[in-house]
Amino acid sequence: MTVRPDATGRPGLCSTFCRELREPLAGTAVVASGWVVVEQPGPWGAKAPTHSHLDPEFGGKFDDACKKADVRFGLIRAPGRHSDAIEQSRQVYVGSTMPGRSWLLGGLVDEPAALRTLDLDAAARGDRDAVAASLPGLRQVDHPVMLVCTNGKRDECCALLGRPLVKALSAAAPGRVWEANHLGGHRFAPTATVLPAGTMHGHLTAEAAVAVLAAADRGETVLTGLRGRSSWTKHGQAAEIAVRRLIGELSLDALRVAGEDPEAVTVWHRDGRSWTVPVTSVAADPPRPESCGKEPFAMSILQAGTPVPGEAR
């Protein structure tokens with residue numbers, strides 16, 4: 001299957017600048033220990049939790065509560081045409097991304113406001129039983145799901161590149177792919193997140209996205225286009241990916257970011273090996289736009305140096 005969105009590489013798009021300048025993707029994922037997404041059909045504005053058919057008072061307060069708990073909140077839609085109203089139950093997913101104890105719960109709610117009872121602190125610390133008890137009806141989901149950003153009101157690239165990708169994936173992996181309102185990093189479009197691991201991926205083709213899902217089924221990830229795992233800080237993401245590339249490690253839970261200081265990050269392997277990875281923030285040269293329609297500027301990008309082996313544990 002070869003699907004390449006026609007808009008890929010179109011002049012003027014922030015994603016075109018990013019591709020042409022070969023901007024590194026490592027260390028650009030969002031940071032969150034847990035995720036909560038709820039189905040909300042209809043149009044989405046730039047800030048979908050308050051600019052959609054979701055009740056804006058609930059959306060704003062719940063989004064704020066999630067941020068305080070280190071949980072990422074988002075809206076999802078099923079692939080295809082979207083009616084402006086929905087009179088049926090909504091799909092909800094709640095996930096923990098922590099390596100070694102990641103999990104995904106899913107279920108239906110009559111209305112998004114039912115999420116008010118959700119124990120967000122439990123989601124952040126990975127307490128699956130407490131989360132399930134706080135929102136009856138949630139059940140273990142045994143296969144990873146993929147969220148693809150398609151919100152054109154947030155950035156043009158997400159709609160132009162994300163929607164064709166979702167269309168292709170919905171045929172290749174039915175029921176496992178959802179449109180998402182915002183995943184950060186418009187210039188890396190098409191962008192996607194795989195739950196429950198929380199790995200984020202950029203510049204995806206349909207073939208690459210299918211490979212990412214297949215790898216997730218095996219408890220692995222794909223290094224091409226990998227932006228990072230949301231469990232770690234951005235410096236930690238860059239360091240973990242540097243170690244993966246060095247040793248060819250694909251297993252999702254094989255590596256752990258064990259600590260970091262302003263100049264270096266320590267990464268442990270479950271077999272006892274460790275590495276110190278220098279990670280620095282530098283000004284991007286030349287300047288480039290962060291998203292479509294914005295003026296280019298010298299944004300900061302992360303650079304990871306060669307991992308230095310440490311003493312085995």
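Residues numbered from 1 in each chain as written. Predicted model: local features only at pLDDT ≥ 70, side-chain atom pairs only at ≥ 80, totals over all residues. Heavy atoms only, no water.

Asks: Outline the overall build of the protein chain, supporting the account with residue identities and numerical values.
Replies: From N to C terminus, the protein chain includes seven helices and 15 strands. Relative to the globule expectation of 20 Å for 313 residues, the C-alpha radius of gyration of the protein chain, 19 Å, shows essentially globular dimensions. In terms of overall dimensions, the protein chain has a C-alpha envelope of 55 × 50 × 35 Å along the principal axes. Within the protein chain, counting contacts between residues at least 6 apart in sequence, those at least 24 apart form 67% of the total. Total accessible area computed for the protein chain in this model is approximately 13,800 Å², and 50% of it derives from carbon and sulfur atoms. The averaged location of the 35 negative side-chain charges in the protein chain is 2 Å from the averaged location of its 35 positive side-chain charges. (Helix = DSSP H or I, 4+ residues; strand = E, 2+ residues; numbered from the N terminus. Rg over C-alpha atoms; globule rule 2.2 N^0.38 Å. Contact = heavy atoms within 4.5 Å. Areas by Shrake-Rupley, 256 points an atom, 1.4 Å probe, with all protein chains shown as cover. Lys, Arg positive; Asp, Glu negative; His and termini not counted. Charge placed at Lys NZ, Arg CZ, Asp CG, Glu CD.)

Asks: Report on helix H7 (residues 234–247), specifying residues and quantitative values.
Replies: Given a rise of 1.5 Å per residue, 14 residues ought to cover 20 Å, and the 20 Å separating the end C-alpha atoms of H7 matches this to within 8%. Taken together, the buried positions of H7 are occupied by Gly236, Gln237, Ala238, Ala239, Glu240, Ile241, Ala242, Val243 and Arg244. Buried positions along H7 lie against strand S10 (226–229), strand S11 (255–260), strand S12 (264–269), strand S13 (274–283) and strand S14 (300–304). Once H7 finishes, Gly248 follows within two positions and takes phi at roughly 70 degrees, a positive value. (Expected span 1.5 Å × (residues − 1). Buried < 20%, exposed > 50% of the residue type's maximum accessible area, 1.4 Å probe, protein only.)

Asks: Describe the nonpolar core, listing the residues and the values that go with them.
Replies: Residues Val36, Phe62, Phe73, Val94, Leu115, Leu118 and Val131 are the most contacted members of the largest nonpolar core, which totals 26 residues. Of all the secondary-structure elements, those providing two or more residues to this core are strand S1 (34–39), helix H2 (56–68), strand S2 (71–77), strand S3 (90–96), strand S4 (103–109) and helix H3 (120–125). Looking at this core element by element, the count peaks at four residues for H3. Not counting the four nearest positions on each side in its chain, Val131 is found in contact with Val94, Trp103, Leu105, Leu118, Asp119, Ala122, Ala123 and Leu138. Formed by 18 residues, the second largest nonpolar core is a distinct cluster that contains Trp35, Ile76, Val141 and Cys149. (Core = buried A, V, L, I, M, F, W, Y, C linked by side-chain atoms within 4.5 Å.)

Asks: Provide a residue-level description of the side chain of Thr193, including the pertinent values.
Replies: Residue position: Thr193 is located in strand S8 (residues 192–195). Setting aside residues up to four positions removed in sequence, Thr193 forms contacts with Trp35, Val145, Met146, Leu147, Leu183, Gly198, Thr199 and Met200.

Asks: Hey, could you go over the confidence of the model for the protein chain for me, with residue numbers and the actual values?
Replies: Here the protein chain averages 90 in pLDDT, while 94% of its residues score no lower than 70. Within the protein chain, no element has a lower average pLDDT than helix H1 (residues 14–20), which sits at 78, and none a higher one than H7, at 98. Scored below 50 in pLDDT, residues 1–6 makes 13 contacts in the model with residues more than four places away or belonging to other chains. (pLDDT = per-residue confidence, 0-100.)

Asks: Tell me what's going on with the state of the cysteines, and back it up with residues and numbers.
Replies: Within the structure shown, the criterion is met by zero disulfides. Considering cysteine sulfurs only, Cys158 is the nearest to Cys149, which forms no disulfide, with 3.5 Å between them. (Disulfide = S-S within 2.5 Å.)

Asks: Please give an account of the sheet that holds S1 that cites residues and values.
Replies: Here we have ten strands laid out as an open sheet, ordered S5-S4-S3-S1-S2-S7-S6-S8-S9-S10, and mixed in their pairing. Among the strands making up the open sheet, the edge pair consists of strand S5 (139–140) and S10. For strand S6 (residues 145–149) and S8, the ladder comprises four bridges, and the chain directions are antiparallel. From the neighbouring strand, Leu147 faces S8, where its bridge partner is Thr193. Across the sheet, helix H6 (residues 206–217) lies against S6, strand S7 (177–180), S8 and strand S9 (199–201), angled at about 150 degrees from S6, the strand it touches most. (Pairing = 2+ DSSP bridges. Axes fitted to C-alpha atoms, helices over the stretch in contact; angles between N-to-C directions.)

Asks: So what's going on with helix H5 (residues 156–172)? Residues and values would help.
Replies: Helix length check: H5, at 17 residues, gives a terminal C-alpha distance of 25 Å against a target of 24 Å (1.5 Å per residue), a fit within 8%. Along H5, the largest kink reaches about 30 degrees and is centred on Gly162; proline Pro164 follows within four residues of it. (Bend = angle between axes of the 7 residues up to and from the residue.)

Asks: How would you sum up the side chain of Thr199? Please name residues and give values.
Replies: As for its position among the elements, Thr199 is in strand S9. A distance of 2.9 Å separates a polar atom in the side chain of Thr199 from a polar atom in the side chain of His201. Residues contacting Thr199, with those up to four places away along its chain left out, are Ala192, Thr193, Val194, Thr221, Leu226, Gly228, Arg229 and Leu252. (Polar contact = N/O pair within 3.5 Å; in protein donor to acceptor, adjacent residues only side chain to side chain.)

Asks: Outline the pairing of S12, listing residues and values.
Replies: Sheet analysis places S11 next to S12, joined by five bridges and oriented antiparallel. In the sheet register, Leu255 faces S12, and the bridge partner there is His269. What sits between S11 and S12 in their antiparallel hairpin is a turn of three residues. Relative to S13, S12 is paired through five bridges, and the arrangement is antiparallel.

Asks: Got a sec to walk through the environment of Cys158? Specific residues and values, please.
Replies: Position of Cys158 relative to the elements: it lies in helix H5. By relative accessible area, Cys158 is classed as buried at 1%. Through-space distance from the C-alpha of Cys158 to that of Leu183 is 9.6 Å; in sequence the pair is 25 residues apart. Apart from residues lying up to four places away in sequence, Cys158 is in contact with Cys149, Thr150, Asn151, Arg163, His186 and Ala189.

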